[in-house]
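Reading the structure
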Amino acid sequence: MRYFVTGEQHRKALLNALVLMFLGYIVLLWLSNGLMYFNHMNLTPSSVVTYYLGSEEQFIPPRSYQGMLEVSHFHLFSMGMLVLTLTHLMLMTEFSTRLKIWLSTLTYVSALADEAGGWLVRFVDPSFAYFKIAAFLLLELSLAGLLITVIFALIRARLQLGKNTSA
């Protein structure tokens, strides 16, 4: 009875809708992340090396330390907040603890690896281009996994809310 007197059922539906809208925004962020990557390079090691080390033949300068530091400074914060938010939302789902731990760890590790990949190509060895490509793909897949997991759980909860309020 308290549930209906306090209006809890409406707050749950509203919160569910707000989180779904937020996740729609994050899907667009995920898409733009991929588009930005493919705007600069593709999935070949030579394109990654050219992006970070430059090319005299194509008149492409190498990435500067200052430029990479500024990008990393922003990415470390923003990706950290994004991954924290998505993993926190996933913790609220009914999926297994094993899946939650596995997907959370994979996402954090791939986000850090993706950020480190460019630095490794630029300042350690060009053969780290394979690492950069793998880290990018793993990050995109793990973020997609988080998004799908949370969206699926919220849609399922929303359908359950609809059944409970109509009964």
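Structural notes, computed from the coordinates.

Reading the values: the criteria
- Residues numbered from 1 in each chain as written.
- Predicted model: local features only at pLDDT ≥ 70, side-chain atom pairs only at ≥ 80, totals over all residues.
- Heavy atoms only, no water.
- Patch = residues over 30% accessible without salt bridge, like charges linked within 9 Å, V, L, I, M, F, W, Y side chains within 5 Å.
- Areas by Shrake-Rupley, 256 points an atom, 1.4 Å probe, with all protein chains shown as cover.
- Salt bridge = Lys/Arg side-chain N within 4 Å of Asp/Glu carboxyl O.
- Helix = DSSP H or I, 4+ residues; strand = E, 2+ residues; numbered from the N terminus.
- Buried < 20%, exposed > 50% of the residue type's maximum accessible area, 1.4 Å probe, protein only.
- Contact = heavy atoms within 4.5 Å.
- Axes fitted to C-alpha atoms, helices over the stretch in contact; angles between N-to-C directions.
- Parallel < 35°, antiparallel > 145°, perpendicular 65-115°, else oblique.
- Nonpolar A, V, L, I, M, F, W, Y, C, P; charged D, E, K, R; others polar.

Another aspect to go through is a nonpolar patch on the surface. Taken together, the side chains of Tyr 65, Leu 69, Phe 123 and Val 124 make up a nonpolar region of the molecular surface, amounting to roughly 400 Å² of accessible area. Note on placement: Leu 69 falls in helix 4 (residues 65-91). The exposure class of Leu 69 is partly exposed, given its relative accessible area of 40%.

Turning our eyes to something else, we now look at the environment of Leu 106. Secondary-structure assignment places Leu 106 in helix 5 (residues 97-123). The partly exposed category is assigned to Leu 106, whose relative accessible area is 22%. Each C-alpha atom of the pair Leu 106 and Ser 142 lies 6.6 Å from the other, and the pair is 36 residues apart in sequence. With sequence-adjacent residues up to four places away left out, Leu 106 is seen in contact with Leu 138 and Ser 142.

Right, let's get into the packing of helix 3 (residues 45-53) against helix 5. Each packed pair of helices is defined by two parameters, the angle between the axes and the distance between the axes. Put simply, helix 3 and helix 5 touch, their axes get as near as 9 Å, and they point 75 degrees apart. Accordingly, the angle class assigned to the pair helix 3 and helix 5 is roughly perpendicular. Of helix 5, the residues touching helix 3 (which contributes Val 48, Val 49, Tyr 52 and Leu 53) are Gly 118, Val 121 and Arg 122. The residue inventory of the contact of helix 3 with helix 5, partitioned by class, reads five nonpolar, one polar and one charged.

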